[in-house]
Amino acid sequence: MQGYDFRRLQERWLPVWDELQPFRSGDPADTRPRKYVLDMFPYPSGDLHMGHAEAYALGDVIARYWRLQGFNVLHPIGWDSFGLPAENAAIKRGIDPRKWTYDNIDQQKQSMRRYATSFDWDRVLHTSDPEYYKWNQWLFLEMFKKGLAYRKDSWVNWDPVDQTVLANEQVLPDGTSERSGAVVVKRKKTQWYLRITDYADRLLDDLNQLEGSWPSKVISMQRNWIGRSRGADVDFVIEGRADKVTVFTTRPDTLYGVTFMVVAPDSDLAAELVAGADPEVRMAFQDYLEQVQKSTEIERQDATRDKTGVPLGRFAINPVNGERIPIWTADYVLADYGHGAVMAVPAHDQRDLDFARAFGLPVRVVLDTNAPVTGAVPVLELDENGQAILPDELPPLDPAATGKALVGDGRMINSGPLDGLSKSNAIKKIIEQLEAAGTGRAAKTYRLRDWLISRQRYWGTPIPIIHGENGELIPVPDDQLPVLLPPTDGLDLQPRGQSPLGAAEDWVTVTNPVDGTPARRDPDTMDTFVDSSWYFLRFLSPNDDSRAFDPREADKWAPVDQYVGGVTHAILHLLYARFITKVLFDLGYVSFTEPFSALLNQGMVLMDGSAMSKSKGNLVRLSDQLDEHGVDAVRLTMAFAGPPEDDIDWADVSPAGSAKFLARAWRLAGDVTSSPEIEWKTGDVALRRQTHRFLAEAPGLIESFKFNVVVARLMELVNATRKTIDSGPGGGDAAVREATEVIAVGLSLFAPYTAEDMWATLGYAPSVAQALWRKADPALLIEESVTAVVQVDGKVRDRLTVSPKIDSAELERLARASAAVIRSIGDQPVTGVIVRAPRLVNITTR
RNA sequence: GCCCCGGUAGCCCAAUUGGCAGAGGCAGACGACUUAAAAUCGUCCGAGUCAGGGUUCGAGUCCCUGUCGGGGUACCA
C-alpha cells in the first residue's frame, strides 16, 4: 500500500467531484430543508491569496456542515468585478479592463476548484456582466422614481490620484482614500446620491435584531457610524433677515449661556449672511474661505489645531432672553452636519470655549457643576488632609480662566425659569417651552450622510439617466436597459477628473426618449458598492433575464442564514446591503428587512506579526503553501489555528503538522480490516463512547464556530483509534471501523480530499460529501462512573469514583468518611458543607 | 481624548459559562524501528491564569483599580 500522498489524492478526487457535482442546490424536487451560506465574493485582482484561503476554508466548513446535517445548502460564488484596479491596470499596461478582469476571474476560479470549495458552480455571477449590471440600473431607476436617488451640488471628497469623488465611508479616519491612499480634498460638485439618511433610524434600530448573531464589534461600529444624537432644533431671529436660522443642539438646557453663533464657512448660509455685510468683512470672509478650502481633511480634522474664524458682522437674537449675539464663521462647524450652524455656549462646550478664548468672546456659566444634583448623592472632594471640601469652598467655576468647559451635571443658574433644575430636567423643560413658543422643538440628527454614488471612471455601471436640453433628468426606459459600457477603443481612460465616458461621443449623444430632442447620457458610473449591495439576491436566480431576482426563490432561500467575510467591510458593504434590503422591502420585492441573519468575521492572515505585503518582504504565497503541504493541510491549518475571528500568524502555525495529522488519520482507514456490515455493538466500548461523545459534541462546537476545538477532538479520536488498533483489540474491531468512519465524515469539513479517500478505502461510494452526520447513541453517552472532588476549605483533598446518579446525602457521607478528608479537617469544627452531586463536595471549617 | 475587545506553559490555543487549570497542536528531550537518516510509533518535560484589591464555601471565569497589547472613532454641536 502506498503512503499518504496529497498530490495523488488531489488528482484522484477532483475529477470525481466535477463529475458528481455534489454541491448543486437548484433541484426543484429537492425536499430537504434549506440553508443559505454565503462567503463575501472576491475582487478579481490576481490570484487567490492567503486571506482568501482562510475565508473560504471557514465558510466551507459551515456549508459542508449543514449539508452533513441534511440541508440543501446554497453556497454560491461570484466576482465583484467592476472597479478601479482593473481600470488602473488597463491604463498602466494598455490592456482592456475586460480582459484583465476576466483573465483574473478564470485564474481564481481554477484555484477555488483546486481548493475544494463546495460552491454551486451553476450560480456564478460577475457584476461586470451586462446581465448583472442591467439590474443595478434597474435598481437605481426604482430608487430614482421614489426620490431615493437624487442629484445635489455639494462639497465632496475628491481623490486627486484616482481623480474621482469618494463616499464618506471610503475616506479613512486619517483623511486619506481607502483605495489610493491619497490625501482627500474637498471639491464642490453636482453628484448622484442615495438617500440612506432616510433609513438612518431603521438601520440603527434594526441592529437590535442582529444582537447575538453578528459580532458585537460590527454592531457597535455601525451604531457609531450612524451616530444618532438627540437634542433640539432652536430658531434664532437674524437681524435684517426675514428667515430665522435654525441650529441643532444636544444641550438646549444651556440656551441662556449662548454668547455667539457660528456658521460653517463653506455653507450657503455663510455666503448669504456675509453678502449684506461691509466690504472689509466680505474680504476677510473670502480670504478665510479660501484658506479653509485649501486645507486637507487631515489638517481640518486635527483637533489640537488652534481655532480660526472671522466675524460676519451680523447678529442673531436669542429666542429665550432676547439677547443680541454676534455671528461668526469658523471651520470647526461643519456645513453638512445638523444645520451647518451652532449656538455657541463656551462655558459648557470645549470647542466653543477654545474659540471664545481665542477671540475674546464672553463666557457665561449657566450650570453650576459644583452644586449637588437634585436627588443624587453628592460626591465631595477631599483636601490634602482628607477633609471634605464643602461645595461653597470649591474653586470658583471660571472656564474662561481655566480653559476647561464645564460638561458635568449640576444645577442650573442664570437661566430664568430653569434655575435650580438638573441638566436632564432642564432639557425637558426648555424643549416644552420652545415648542410652546414655536421657536424650537425636540430633534435628532445623524452622523451618517447620504451615499454619494457617482464616480468619474470607466469600469463601472453606467448611470441610466439622460440629460435633456433644459437640464431635465430622464430615466432610460426599461426596454432600453442595460445601458452598455461603450468599448474602450479610442477612449482615454487616464483619470482627468471627468468621466471618460463623456468623451465617447457616439455613446453619449442620444435623443430624448420623451420628445426626440437632442440629449446626452449621464457620463458617470456607479460606486461598486452598489453592485455588492444586492448580489446575494441575484444568486437565487442568476440567469433570470426578466428581473433582478425571482421573489419566489427569495422566499425560499433568503435572507442569508450565514454570511462569512472580513471585518474590513463592517461599515461600508454591510451598511449599504442593509439599506438596499430595506429599500427592496419597501418596494415590495422582498419580505425581510435584514439581509444577513448571522455574520462571522474571520481574522487576517499575518506573517511575523504584521500584514503580509511585498514591500515588507513577508509575503507567503498561497500557491507555494499548497504545493508544499497540499490543499487539505492548508485548509486544516486555517481551521485549527484558533478562533476564526482571531488573526492567524502563519509563523505560529504548522501546516506541516496538519499534514502529519492528516496522514495519521488517513492510515487508520487502511488498517480497518472489518467489512462495512460489521455489527457496531460488538466493538470496544471505550472507543465507542469516545466516538459517540464526539458525534454529540461536534455539532454544537461547529455551530458556535469553535472549529479549532473540533479539530482537536478529531485528533484525540484519531489517537484513541490508533491505540485501539496497535495495543487494543486491533484493526478488526467494530469500534475501530465506526470511529474511522466518523473521523472521515468529520474530516470532510476540513480536509475533503483526505476524507474522500478514507471513505473509499472504508468501502463506500461515491462520495463522503453525500454522507450524513450520524446521531450519537444516547446509551453510549451515559458515563458509568464519574470522579467526585472533595475539597476542604476549597483545597482538593480527595477524589472519589462514584455513580453519576449518586444523591447529595450519599456523596456527603462518602466524602466525610474519606481518610484524607478527616486528616485534613483535624479537630477543626465543620462549619458548612456544599455538595454539588455528583462532581464536588466542599467542606468548610471557618 | 472617548468607546470596545483581549492578556492561561517557550509558542498557537482549550477549560461544560462560578466547581480538579490542560483537550489538541508546535517547539524541545528521551526511547523503539533502521547499517544510518527520513518517515512512523511510544514516553517525557512543562504555567497556577498580566498586577493589586473585592464578592463567594469556591474565581482563569463576576466586580473595581492599574498595566500592557489590539481595534474602532474623533472639532458631529
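As the structure is a computational prediction, the values presented were derived from the model and not from experiment.

A. How the structure looks around the overall build of chain A. Broken down by element type, chain A carries 29 helices and 32 strands. Dimensions of chain A, computed from the C-alpha atoms along their principal axes, are close to 100 × 90 × 50 Å. In chain A, which comprises 846 residues, the share counted as buried stands at 53%. Taken as a whole, chain A presents about 36800 Å² of accessible surface, with 50% of it coming from carbon and sulfur. Within chain A, the 118 negative side-chain charges are centred at a point lying 4 Å from the centre of the 94 positive side-chain charges.

B. Molecular detail of the sheet that holds strand 19 (residues 465-467). Reading across the sheet, the four strands line up as 20-19-22-21 and stay open at both edges, with antiparallel pairing between neighbours. Strand pairing shows two members of the sheet lacking a second neighbour, strand 20 (473-475) and strand 21 (509-511), which therefore form its edges. Across the sheet, the axes of successive neighbouring strands diverge by a mean angle of 45°, strand direction being ignored. By the bridge criterion, two bridges tie strand 19 to strand 22 (residues 518-521) in an arrangement that is antiparallel. In the sheet register, histidine 467 faces strand 22, and the bridge partner there is arginine 520.

C. The arrangement of the environment of histidine 49 in detail. Checked against the element boundaries, histidine 49 lands in the loop between strand 1 (34-39) and helix 2 (50-68). The partly exposed category is assigned to histidine 49, whose relative accessible area is 43%.

D. Fine view of the nonpolar core. With 91 residues, the main nonpolar core has Phe140, Trp451, Leu537 and Phe579 as its most contacted residues. Ignoring anything within four residues of it in the chain, the contact list for leucine 537 reads Phe549, Ala558, Leu584, Val590 and Phe592. Core analysis: the next-biggest nonpolar cluster, separate from the first, contains 83 residues, Val73, Ile105, Val742 and Ala771 among them.

E. Up close: the packing of helix 23 (residues 685-703) against helix 24 (residues 707-727). One way to put it is that helix 23 packs onto helix 24 with a least axis distance of 10 Å and a crossing angle of 170°. For the element pair helix 23 / helix 24, the angle class is roughly antiparallel. Residue-level contacts link Leu687, Gln690, Thr691, Phe694, Glu697, Ala698, Leu701 and Ile702 of helix 23 to Phe707, Val709, Val710, Arg713, Leu714, Glu716, Leu717, Ala720, Thr721 and Thr724 of helix 24. Class assignment for the residues of the contact of helix 23 with helix 24 results in 11 nonpolar, four polar and three charged.

F. Representation of the protein's contact with RNA strand B within the structure. For RNA strand B, the set of nearby residues contains 45 residues, the closest of which are Thr250, Tyr337, Arg351, Met715 and Arg799. Counting only the atoms of RNA strand B that lie within 4 Å of the protein, the sugar and phosphate share comes to 62%. Lysine 217 places a side-chain nitrogen or oxygen 3.4 Å from a sugar or linking oxygen of RNA strand B. For the surface near RNA strand B, the element with the most residues is helix 24, which contributes six residues. Counted by class, the surface near RNA strand B contains 17 nonpolar, 11 polar and 17 charged residues.

G. Region of interest: empty space enclosed by the protein. A complete count under the given rule lists three cavities of 30 Å³ or more for this structure. Of the voids in this model, the largest cavity is the one considered here, and its volume is about 170 Å³. Lining the largest cavity we find 15 residues, and of these Gly83, Leu84, Arg455, Asp527 and Thr528 sit closest to its centre. When the residues that make up the lining of the largest cavity are grouped by side-chain class, the tally is four nonpolar, six polar and five charged. If you add up the space inside the second largest cavity, you get close to 50 Å³. Grouping the constituent residues of the lining of the second largest cavity by class yields four nonpolar, one polar and two charged.

H. Focus on the confidence of the model for chain A. Counting all residues, the mean pLDDT for chain A is 90, and 95% of those residues have values of 70 or more. In this model, residues 375-389 is a region of pLDDT below 50 whose contacts with residues beyond four sequence positions or in other chains number 14 contacts.

I. The arrangement of the sheet that holds strand 26 (residues 605-607) in detail. One open sheet accounts for three strands, arranged 27-26-28; its pairing is mixed. Edge positions in the sheet fall to strand 27 (610-611) and strand 28 (648-649), since each of these pairs with one other strand and no more. Of the pairings in the sheet, the one linking strand 26 to strand 27 comprises two bridges and is antiparallel in character. Bridge pairing in strand 27 places leucine 606 opposite alanine 611.

J. Fine view of the pairing of strand 10 (residues 260-263). Burial along strand 10 is two-sided: Phe260 and Val262 and Met261 and Val263, pointing in opposite directions, are all buried. Here strand 10 runs beside strand 13 (residues 341-344); their pairing, made up of four bridges, is antiparallel. When the bridges of strand 13 are listed, phenylalanine 260 appears paired with alanine 344. Summarising the sheet, strand 10 and strand 12 (residues 324-329) pair through three bridges and their orientation is parallel. Within the sheet, the bridge partner assigned to valine 262 lies in strand 12 and is tryptophan 328.

K. Fine view of the side chain of aspartate 253. Checked against the element boundaries, aspartate 253 lands in the loop between strand 9 (245-249) and strand 10. A distance of 3.0 Å separates polar atoms of two side chains, one belonging to aspartate 253 and the other to arginine 251. Among residues more than four places away in sequence, those in contact with aspartate 253 are Leu367, Met412, Leu418, Lys423, Ala426, Ile427 and Ile430.

L. Looking closely at helix 3 (residues 84-93). Along helix 3, the residues classified as buried are Leu84, Ala86, Glu87, Ala89 and Ala90. On its buried face, helix 3 is in contact with helix 4 (97-114) and strand 6 (164-166). Two residues or fewer after helix 3 comes glycine 94, characterised by a positive phi angle close to 70°.

M. The arrangement of the side chain of threonine 691 in detail. By the secondary structure assignment, threonine 691 is in helix 23. Judged by its relative accessible area of 0%, threonine 691 is buried. Among residues more than four places away in sequence, those in contact with threonine 691 are Leu717, Glu738, Ala739 and Val742.

N. How the structure looks around the packing of aromatic side chains. What the rule picks out here adds up to 32 aromatic pairs. Consider the rings of phenylalanine 82 and tryptophan 459, whose centres lie 4.9 Å apart with planes at 80°: the pair is edge-to-face. Within this pair, whereas phenylalanine 82 is found in the loop between strand 3 (78-79) and helix 3, its partner tryptophan 459 is found in the loop between strand 18 (454-455) and strand 19, the two being separated by 377 residues in sequence. With 6.2 Å between their ring centres and 65° between their planes, phenylalanine 705 and phenylalanine 707 make a pair best called edge-to-face. Among the aromatic residues, ring-to-ring pairing joins Tyr199, Trp451, Phe529, Tyr576 and Phe579 into one connected group. Above the plane of the ring of tyrosine 193 lies lysine 152, whose end atom (NZ or CZ) is 4.5 Å from the centre. For arginine 195, the ring lying beneath its charged end belongs to tyrosine 150, and the centroid distance is 3.9 Å.

O. Molecular detail of the pattern of salt bridges. Tallying each qualifying case throughout the model produces 47 salt bridges. Across the pair aspartate 122 and arginine 24 runs a salt bridge whose closest N-O atoms are separated by 2.9 Å. Linking aspartate 122 in the loop between helix 4 and strand 4 (125-126) with arginine 24 in the loop between helix 1 (6-20) and strand 1, this pair joins segments that are 98 residues apart in sequence. Exposure remark for aspartate 122: the relative accessible area of 37% places this residue in the partly exposed category. For aspartate 60, the salt bridge identified is with arginine 64, shortest N-O distance 2.7 Å. Remark: arginine 64 and aspartate 60 occur in helix 2; sequence separation between them is four residues, near one turn of the helix. According to the relative accessible area criterion, arginine 64 is buried, its value standing at 7%. Look at the salt bridges and you will find they share partners, linking Asp201, Asp205, Arg228 and Lys444 into a network.

P. Representation of the pairing of strand 8 (residues 228-238) in the model. Buried residues dominate strand 8, accounting for eight of its 11 residues. Pairing of strand 8 with strand 16 (residues 440-446) involves seven bridges; the strand directions are antiparallel. Directly across from valine 234, in strand 16, lies its bridge partner glycine 440. Bridge count for strand 8 against strand 9 is five bridges, and the pairing is antiparallel. Paired with alanine 232 across the bridge in strand 9 is threonine 249. Linking strand 8 back to strand 9 in an antiparallel pair, the connection comprises six residues, with glycine 240 at a positive phi of about 75°. Pairing of strand 8 with strand 11 (residues 310-317), which is carried by two bridges, proceeds in the antiparallel orientation. In the sheet register, isoleucine 238 faces strand 11, and the bridge partner there is alanine 316.

Definitions and limits used
- Residues numbered from 1 in each chain as written.
- Chains lettered and ligands numbered in written order.
- Predicted model: local features only at pLDDT ≥ 70, side-chain atom pairs only at ≥ 80, totals over all residues.
- Heavy atoms only, no water.
- Helix = DSSP H or I, 4+ residues; strand = E, 2+ residues; numbered from the N terminus.
- Buried < 20%, exposed > 50% of the residue type's maximum accessible area, 1.4 Å probe, protein only.
- Areas by Shrake-Rupley, 256 points an atom, 1.4 Å probe, with all protein chains shown as cover.
- Lys, Arg positive; Asp, Glu negative; His and termini not counted.
- Charge placed at Lys NZ, Arg CZ, Asp CG, Glu CD.
- Pairing = 2+ DSSP bridges.
- Axes fitted to C-alpha atoms, helices over the stretch in contact; angles between N-to-C directions.
- Core = buried A, V, L, I, M, F, W, Y, C linked by side-chain atoms within 4.5 Å.
- Contact = heavy atoms within 4.5 Å.
- Parallel < 35°, antiparallel > 145°, perpendicular 65-115°, else oblique.
- Nonpolar A, V, L, I, M, F, W, Y, C, P; charged D, E, K, R; others polar.
- Near = heavy atom within 4 Å.
- Polar contact = N/O pair within 3.5 Å; in protein donor to acceptor, adjacent residues only side chain to side chain.
- 1 Å grid on protein atoms, 1.4 Å probe; cavity = no way out; pocket = protein on both sides within 12 Å on 5 of 7 lines; lining within 4 Å.
- Points joined across faces, edges and corners; volume = space filled by probe spheres on them.
- pLDDT = per-residue confidence, 0-100.
- Phe/Tyr/Trp six-rings, centres within 6.5 Å; stacked < 30°, edge-to-face > 60°.
- Lys NZ or Arg CZ within 6 Å of the ring centre and 35° of its normal.
- Salt bridge = Lys/Arg side-chain N within 4 Å of Asp/Glu carboxyl O.

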